[in-house]
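Close look at the chain arrangement
So you can see what is in the structure, the chains are spelled out below.
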Amino acid sequence: MNPQDPVFSFVRNELLLIAEGEALRLPRREELARHLVGPGLALGEIAERRYWAHAWPHAVLPAPDYQLHGLRALLGRLPSELWALAGRAYQLVEWERTHRFCGACGKTTRRHESGEFAMVCSGCGHTAYPRISPATITVITRGREILLARNARSANGFFACIAGFVEAGESLEDCVRREVREEVGLEVGPMRYFGSQPWPFPHQLMLGFIAEYAGGELKLQEDEIAEAGWFTADNLPPLPPKVSIARQLIDAALAELA
Ligand SMILES: [Zn+2]
């Protein structure tokens, strides 16, 4: 364990960073040493430097140049490799925090001896793994148009894709069809997988699809969708940032239709 190793430390869902002028950097283990409890979780290496994850054990910050930043706000501000590792760190710290007791018998848990990310019950041996929740995200195409929707709970005004969690017993394709039907009242035909993106808010794995419109008239689920419509490449509403899989799906669909 190197005292120079960078540490991702979280207060709830906010990351502890040190401000140096305009720039932000991760604290090193030696800078946090007297605050941290236990060895933390070894995350992986970037450029031969090992990164660690720790819960921050206090209510207060160690010094005035320490700041807390939400992961969402850091998207596009931290290098993408580092942001991805921050998401992994947050999910693991949060999983450990919420799995201190066994869900089967209620006794305390401890980390798996092998070092794998698992919590084992001291009483009955029940093992819990980090929670990952798959969700589909779909762009629907119709001729040269794509369907975009503005979420009722989103404050940023972006129009994006249709998304929702996979339910127990559902295939990804079932989930795409159900979410599209529920949220905008349409049916989709052939679809294909586009790619995926971990989305640590708090533990989604977004699985992207491009699906063809097959029928139906727009009918919005009002508590979910504030506004939706068909758009062409020369007539686009405000879109989410390029780092999001939503935007990557939209750009890919439009490029294919061009
Ligand atoms: Zn147990």
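Residues numbered from 1 in each chain as written. Predicted model: local features only at pLDDT ≥ 70, side-chain atom pairs only at ≥ 80, totals over all residues. Heavy atoms only, no water.

Another point: the overall build of the protein chain. Of the regular secondary structure elements, the protein chain holds five helices and 15 strands. Dimensions along the principal axes, computed over C-alpha positions, put the protein chain at roughly 60 × 50 × 35 Å. The 258 residues of the protein chain split such that 45% are buried. Of all intrachain contacts in the protein chain linking residues separated by at least 6 positions in sequence, the fraction that spans at least 24 positions is 61%. Surface accessibility of the protein chain: about 13600 Å² in total, with carbon and sulfur atoms responsible for 51%. Mean positive and mean negative side-chain charge positions of the protein chain (27 and 32 charges, respectively) differ by 5 Å. (Helix = DSSP H or I, 4+ residues; strand = E, 2+ residues; numbered from the N terminus. Buried < 20%, exposed > 50% of the residue type's maximum accessible area, 1.4 Å probe, protein only. Contact = heavy atoms within 4.5 Å. Areas by Shrake-Rupley, 256 points an atom, 1.4 Å probe, with all protein chains shown as cover. Lys, Arg positive; Asp, Glu negative; His and termini not counted. Charge placed at Lys NZ, Arg CZ, Asp CG, Glu CD.)

On to helix α3 (residues 80-97), then. Across its 18 residues, α3 extends 26 Å between first and last C-alpha, which sits within 8% of the 26 Å expected from 1.5 Å per residue. Of all 18 residues that make up α3, 13 are buried, and the element is covered over most of its length. (Expected span 1.5 Å × (residues − 1).)

Around the zinc ion, the protein contributes the donor atoms C102 (SG), C105 (SG), C121 (SG) and C124 (SG), which lie 2.3 to 2.4 Å from the metal centre. One way to put it: the four donor atoms around the zinc ion meet at angles of 97 to 117°, and that makes the site tetrahedral. Spacing between the donor residues of the zinc ion along the chain follows C-x2-C-x15-C-x2-C. With C105 in the loop between α3 and β7 (109-111) and C121 in strand β8 (residues 119-121), this residue pair connects regions lying 16 residues apart in the sequence. Of the residues examined, C105 reaches a relative accessible area of 38% and is grouped as partly exposed. You can call C121 buried: its relative accessible area is 3%. (Donors = N, O, S within 2.8 Å, 3.2 Å for Na, K, Ca; no water. Tetrahedral: all angles 85-135°; square planar, octahedral: opposite > 155°, others 65-115°.)

A few words now on the packing of aromatic side chains. Evaluated as defined, the whole model comprises eight aromatic pairs. Geometrically, the ring pair formed by Y213 and W230 is edge-to-face, given 5.5 Å between the ring centres and 85° between the ring planes. Placement of the pair is Y213 in strand β14 (residues 204-215) and W230 in strand β15 (residues 225-231), with a sequence separation of 17 residues. Among the aromatic residues, ring-to-ring pairing joins W83, W199 and F201 into one connected group. Cation over ring: R72 sits above F201, and NZ or CZ is 4.2 Å from the ring centre. (Phe/Tyr/Trp six-rings, centres within 6.5 Å; stacked < 30°, edge-to-face > 60°. Lys NZ or Arg CZ within 6 Å of the ring centre and 35° of its normal.)

Now for the domain arrangement of the protein chain. Taken domain by domain, the protein chain holds domain 1 (7-97), domain 2 (99-130) and domain 3 (133-257). Computed over C-alpha atoms, the centres of domain 1 and domain 2 are 24 Å apart. Taken together, the contact between domain 1 and domain 2 spans nine residues of the former and nine residues of the latter. At the boundary of domain 1 with domain 2, total buried surface from both sides reaches about 850 Å², with 60% on carbon and sulfur atoms. (Domains from an automatic or database assignment. Buried area = accessible area lost by both parts, 1.4 Å probe.)

Taken in spatial order, the three strands line up as β7-β8-β9 in an open sheet, and their pairing is antiparallel. Of all strands in the sheet, those with a lone pairing partner are β7 and β9 (127-128), marking the two edges. (Pairing = 2+ DSSP bridges.)

The full count for this structure, using the stated rule, is 20 salt bridges. One salt bridge in this structure joins R178 and E182, with 3.4 Å as the shortest N-O distance. Of this pair, R178 and E182 both sit in helix α4 (residues 172-184), four residues apart, which is roughly one turn of the helix. For R178, a relative accessible area of 14% puts it in the buried group. (Salt bridge = Lys/Arg side-chain N within 4 Å of Asp/Glu carboxyl O.)

With that settled, consider the environment of R88. Position of R88 among the secondary structure elements: in helix α3. Note on R88: relative accessible area 37%, which makes it partly exposed. When near neighbours in sequence (up to four residues on either side) are disregarded, R88 contacts L43 and F117.

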